[in-house]
Amino acid sequence: MIITLIKNQSGSEFVRDMEKQYGSLQKIRTAYEKTNNMKLLVDMENWEYYQEHPDETLELSESLVTDNISLSKLDLMLLDVVKHKHPKSIREVAKLIDKNVSNVQPRLKKLEEEGFIQFKK
């Protein structure tokens with residue numbers, strides 16, 4: 001099974017993600033010069049572009065290939081809520097779908113382990 005995850009974000013959000021990942025443009029430039037790693041080059045060029053175009057929207061996608069995924073109706077509901085409502089906590093997710101936190105938390109943990117979502121502090 002191939003599942004494609006799509007995330008839309010603004011240029012300014014992309015720049016913030018790059019700053020968290022690499023620290024600064026100079027650090028990524030130095031790393032690229034030492035390694036000639038193409039991912040670093042693409043990230044660096046995108047970073048520079050979106051610094052100049054912070055309001056532009058970009059679409060990031062990532063594909064998961066596996067035969068071991070089984071998603072329940074609750075899992076799909078949770079993914080939908082996370083994608084469209086942008087909850088700030090597990091408690092908020094539970095409230096949005098009118099379920100107990102004790103039922104929602106383990107399902108969200110499973111979705112995180114399978115790469116569908118990412119928890120942020």
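Keep in mind that this is a model prediction, so the values were computed, not measured.

A. Layout of the packing of aromatic side chains. Per the stated rule, a full pass over the model turns up two aromatic pairs. An aromatic cluster of three or more residues is present, and its members are Phe14, Tyr49 and Tyr50.

B. Fine view of the side chain of Asp43. Inspection of the secondary structure puts Asp43 in helix H3 (residues 38–52). Within polar-contact distance, the side chain of Asp43 engages the side chain of Tyr22 at 2.4 Å. At a separation of 2.8 Å, a polar atom in the side chain of Asp43 contacts the side chain of Lys39. Once you skip the residues sitting within four places of it in the chain, Asp43 turns out to touch Met18, Gln21, Tyr22 and Ile28.

C. Representation of the environment of Lys120 in the model. Secondary-structure assignment places Lys120 in the segment after helix H6 (101–113). With relative accessibility at 62%, the residue Lys120 sits in the exposed group. Along the primary structure Lys120 and Lys88 are separated by 32 residues, whereas in three dimensions their C-alpha atoms are 8.9 Å apart.

D. Structural detail: unusual backbone geometry. One non-glycine residue, His86, adopts positive backbone phi at about 50 degrees. Residues other than glycine seldom take positive phi values, yet Asp98 does so here, at roughly 60 degrees. Here Asp98 shows up in the loop between helix H5 (90–97) and H6. Residue Asp98 is classed as exposed on the basis of its relative accessible area, which comes to 69%.

E. The environment of Thr30, seen in detail. Position of Thr30 among the secondary structure elements: in helix H2 (residues 25–35). Placed 73 residues apart in sequence, Thr30 and Asn103 show a C-alpha to C-alpha distance of 47 Å.

F. Geometry of helix H1 (residues 11–22). Over its twelve residues, H1 runs 16 Å from end to end, which matches the ideal 16 Å to within 8%, given 1.5 Å per residue. Gly23 sits one or two residues past H1 and shows a positive phi near 95 degrees.

G. Representation of the packing of helix H4 (residues 73–85) against H5 within the structure. Relative orientation of the contacting elements H4 and H5 amounts to 110 degrees, with a least axis distance of 10 Å. Overall, the two elements H4 and H5 adopt an arrangement that is roughly perpendicular. In this structure, H4 meets H5 at a crossing whose hand is right-handed. Every residue of H5 that contacts H4 at Leu74, Met77, Leu78, Val81 and Lys85 is listed here: Val93, Leu96 and Ile97. Here the residues of the contact of H4 with H5 sort into seven nonpolar, no polar and one charged.

H. Structural detail: H2. Those residues of H2 that sit buried are Leu25, Ile28 and Tyr32. Buried residues of H2, viewed axially, fall in a sector of 65 degrees; they line one side. Exposed residues on H2 whose side chains face more than 90 degrees from its buried face are Lys27, Glu33 and Lys34. Of the surrounding elements, those touching the buried residues of H2 are H1 and H3. After H2 finishes, the residue Asn36 shows a positive phi value of roughly 55 degrees.

What counts, and at which threshold
Residues numbered from 1 in each chain as written. Predicted model: local features only at pLDDT ≥ 70, side-chain atom pairs only at ≥ 80, totals over all residues. Heavy atoms only, no water. Phe/Tyr/Trp six-rings, centres within 6.5 Å; stacked < 30°, edge-to-face > 60°. Helix = DSSP H or I, 4+ residues; strand = E, 2+ residues; numbered from the N terminus. Polar contact = N/O pair within 3.5 Å; in protein donor to acceptor, adjacent residues only side chain to side chain. Contact = heavy atoms within 4.5 Å. Buried < 20%, exposed > 50% of the residue type's maximum accessible area, 1.4 Å probe, protein only. Expected span 1.5 Å × (residues − 1). Axes fitted to C-alpha atoms, helices over the stretch in contact; angles between N-to-C directions. Parallel < 35°, antiparallel > 145°, perpendicular 65-115°, else oblique. Left-handed = near helix turned anticlockwise from the far one by under 90°. Nonpolar A, V, L, I, M, F, W, Y, C, P; charged D, E, K, R; others polar. Arc of directions from axis to C-beta.

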